[in-house]
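Take a look at the letters that make up each chain.
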Amino acid sequence: MSSNSTIIGAVEIGTSKITVLVAEYHSGRELAIIGCGECPSRGVTKGTISDFRAASDCTQFAIQQAEKDANERIESVFLAQTGGHLEGFSNEASVNVKAADNMIDRDDIKTVCELAKSKELPAGRMVVHHIRRPYRVDGRLVPDQPENLVGQRLEVGYWTVHGQEQRLADTIHVIRGCNLEVGELVLSSLASGHMVTTAEERQHGVLVIDIGAGTTDFVLYRDGGPHMTGVLPVGGSHLTNDLSIGLRLTENQAEKLKLRFGRALVLAKDRTDKVWLDGNYAIGDRQFPRQAIEQVTAARTWELLEAVKKKLGHAFSPETCAAGVVLTGGTAKLPAIAECAGKVFGTPVHLGEPPSWVEERLRDPGYQTALGLLYYVISSRTGSAGAARKRGGFLRGISRLFVPS
Amino acid sequence: MNLDELPLDQRIMADRNIAIKLIGVGGAGSNAVDCLKMENLDRLQLAVVNTDHQALSSSPVQDKVLIGMSVTRGLSAGGDPELGREAAEADREKLAQLMKGCDLVFLLAGMGGGTGSGATPVVAEVAAEEGALVIAFVTMPFTCEGERRRKQAEEALRALRQVCDAVIPLSNDMLLQETGENEPLLDSFARAYDWVGRGVKSIWSMLFRTGLINLDFATLRQAFQHRGGKTLFSLGEGRGENAVAEAIQSLQLCPLLHTPEFSRKADRLLVNIVGGTDLTLDKVNLIMTSVAEQFGRESHIVMGAVVDEQLQNRVEICVIGTSDMGGRSIAPRRVVRPRAQVPASEPAAEPAAVSRSDAAGEPVQAAAAGPTRQAAAAAAAAAAAKAQQEEFGFGEVESRGSFEKTDRNLFDGQDLDVPTYLRKGIKIAI
């Protein structure tokens, strides 16, 4: 290991599995994935930790596995954040340019940003991300820094993502329990969104929906940067739960049926077409109509996508989202889900493809968040990330949570 | 008259029967009772309580109570639970009179309307004050009946759980899953009454048909003694050659068993099996094994078996399960009032008037009573059960499955953890 490189761990504590990727980061903006660890998670429901001990054990196992695989010790952890407690709002501010010659200087920019970020949060909530939308000078969009531009009025909007302090602390505690430091918290949707879209798509406007097991994270990109994000605490585990209630099965049996026969749109027309639960001719094997399985999964998928659309509200329209919708996450493997999303959103939909440099075993949609975390590291450290924000911002927040104990 | 006074009066011993009343409250409840009337279950007294004079007068049931004459002037509550509640409150005396001396009161009601939602909790409260074990079978409205009715129904259910020993909700949406494609609405509602009726009937037959292995009122009380947890209730029926297998299968599909398979474990199980003379020990054994398999092998299982000549080649199974959910229990709330003296002309309805402390101190004496042991035990169990009265935490009305213990997932006024197909009334062909 050369002296100017750090070993970074990307940790995603998901509802179905915990993924840890280890990467070596050279300050010369080069990043190599050198290890990977995974563990089916326990004690996590709908994206939030419900059983600290179980979640902690699983995470520890995954981290150890990854470190063994990489043969290196992780120095700093990038942690993905999801869960129904995360919420966002947009806040805008504008200032009149001070200088007599109407040239925007650094102070103007600082003032307008402070103003836009100054909205107070309810007690017990904490900011995870301040995502800046592009600046506007006299209503004209400025893709970069507006310093030294000439105009009367400088405007900026922020999309502020905030979450419950205790829930955020829970995940950080899990990592700290493994004797590791959390370098940064990154919203899951931002991580996976960066991974499966190109800069060009983000410029044109694209909606990324990451449907995991417990949560659905989405991010709407516009003008090259994230415009709006959101989390719905509904995911693949709800499909399983619906099946287990509808067909009266155990969770494991329902999961098996979902993976084998679930569909986002009903295809089976024949009510008598039945499928076997195990298909191994063992005693206790039962038959279920294919149609019933598809009806249950299709109803849930449709509703989930509708709910995402509803949450986006006016921010989404097929016109402002020219590059369409990209689906990723484990549940994106459900057959016909792209077709279903196409009907809901009225735009072209495709499944997220990671960049070509990603190796074969990590190309599964379920790994995009962890990969995105690493990608986010480079982008944010080299300053080219769409979500430009100061690194100190969040760390200050963390230290607030962990006053020396 | 007190059972603690020994020796016991001969007359009490002879007539120590259990008084059971089945009371339908509101329109849906009355209809259900009317349906059951045809069944002719002896020793089951039927009654209807309603605010609507017109509906009441057309009911074939003997015992009718019009409530809220002063509030609604004999008209119905018009879908307003508040009005239904007021009506019942206004006629508490009448209700108390109706349930005097009952040991077990079944309440049938449809939630969501005015009288059913509003008056039922009051009726249950009065019944409990009269010292009866209260089991309520209630139907929950179809989702298509609208948000308002659903809200009213849920509120009523919550209120009901506070005052009843057991509340067994039957979701009409579940029934939708069973209906045929072209079934008229009337038949669908009739199906709901039918299930409620079967539920009542199975408990009735458990109590009154003397079995080879008998289950009695004391056992039932005992089952409802440690509460604060959830209750399971399921019925199964099978006929013909594979009666046993069929019954076990239908046990799983009973709509009264409103929980997914993985949460169907109970600490205490009451299993009653009714069959014809062809019921063999082998069959009983088979049923018990598979029931134990399904509802919890480690549970404390109480079994009953009844032979009924009319049920040749048929098997009926009734499973009642209760379990504690540690920490969720609610402190005793209801005050136990020693039962008022019942006039001697109603000896059948004279139950035990044992106060709680007496019950604890008296088991030895009760045992000494010889032939009356059972009655005394019933009384003691009853008193103990009374003292611990509390709410049944059923989980929610809607099935949330594995998300049952997590926060509600509200979006647009709906709980997203409840299966979409149930909320939208999509019929699944099983």
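To start, this report covers the structure provided alongside it. Treat the numbers as computed from the prediction; the structure is a model and nothing was measured.

**Some words on helix α7 (residues 251–261) of chain A**
All names here are of chain A.
Now for step 1: Of the residues making up α7, those classed as buried are A254, L257, K258 and F261. The buried residues of α7 occupy an angular sector of 105° when the element is viewed end-on, so they sit on one face. Every exposed residue of α7 that faces more than 90 degrees away from the buried side is listed here: N252 and L259.
Now for step 2: The inward-facing, buried residues of α7 abut α6 (236–246), β16 (274–276), β17 (287–289) and α8 (290–312).

**Topic: unusual backbone geometry**
All names here are of chain A.
Now for step 1: Phi at D223 takes a positive value of approximately 50°, unusual for a residue other than glycine.
Now for step 2: Relative to the helices and strands, D223 is located in the loop between β14 (216–222) and β15 (225–232).
Now for step 3: The exposure class of D223 is partly exposed, given its relative accessible area of 31%.
Now for step 4: One non-glycine residue, R248, lies in positive phi territory at about 55°.

**Some points on the nonpolar core**
Residue and element names in this part refer to chain A.
Now for step 1: Ranked by size, the top nonpolar core spans 94 residues in total, and within it L207, I209 and F345 carry the most contacts.
Now for step 2: Ranked by the residues each element gives to this core, the list is headed by helix α10 (residues 368–381), at seven residues.
Now for step 3: Other than its neighbours up to four places away in sequence, L207 contacts F218, V219, L220, L312, F316, C321, G324, V325, V326 and F345.

**Structural notes on the sheet that holds strand β5 (residues 133–140) of chain B**
All names here are of chain B.
Now for step 1: Taken together, six strands build an open sheet; the order of strands is β3-β2-β1-β4-β5-β6 and the sheet is parallel. Single-partner strands in this sheet number two, and they are β3 (63–66) and β6 (166–171). Strand-to-strand twist across the sheet, computed as the mean angle between neighbouring axes with direction ignored, equals 20°.
Now for step 2: Taken together, the six bridges between strand β1 (residues 20–25) and strand β2 (residues 44–50) define a ladder with parallel strand orientation.

**What to know about the interface of chain B and chain A**
Now for step 1: Facing 35 residues of chain B, the contacting portion of chain A comprises 32 residues.
Now for step 2: For the pairing of chain B and chain A, the buried interface totals around 2800 Å² over both sides, and the portion due to carbon and sulfur atoms is 56%.
Now for step 3: Taken as a group, B:F403, B:F411 and B:A429 account for 19% of the area that chain B buries against chain A, more than any other trio of residues on that side.
Now for step 4: Connecting chain B to chain A are two salt bridges.
Now for step 5: For the pair chain B and chain A, the interface holds nine residue pairs in polar contact (both at pLDDT 80 or more).
Now for step 6: In terms of residues, the side of chain B that touches chain A owes the most to one element, helix α17 (residues 420–423) of chain B, which gives four residues.
Now for step 7: Partitioning the side of chain B that touches chain A into residue classes produces 17 nonpolar, eight polar and ten charged.

Rules used throughout
- Residues numbered from 1 in each chain as written.
- Chains lettered and ligands numbered in written order.
- Predicted model: local features only at pLDDT ≥ 70, side-chain atom pairs only at ≥ 80, totals over all residues.
- Heavy atoms only, no water.
- Buried < 20%, exposed > 50% of the residue type's maximum accessible area, 1.4 Å probe, protein only.
- Helix = DSSP H or I, 4+ residues; strand = E, 2+ residues; numbered from the N terminus.
- Arc of directions from axis to C-beta.
- Contact = heavy atoms within 4.5 Å.
- Core = buried A, V, L, I, M, F, W, Y, C linked by side-chain atoms within 4.5 Å.
- Pairing = 2+ DSSP bridges.
- Axes fitted to C-alpha atoms, helices over the stretch in contact; angles between N-to-C directions.
- Buried area = accessible area lost by both parts, 1.4 Å probe.
- Salt bridge = Lys/Arg side-chain N within 4 Å of Asp/Glu carboxyl O.
- Polar contact = N/O pair within 3.5 Å; in protein donor to acceptor, adjacent residues only side chain to side chain.
- Nonpolar A, V, L, I, M, F, W, Y, C, P; charged D, E, K, R; others polar.

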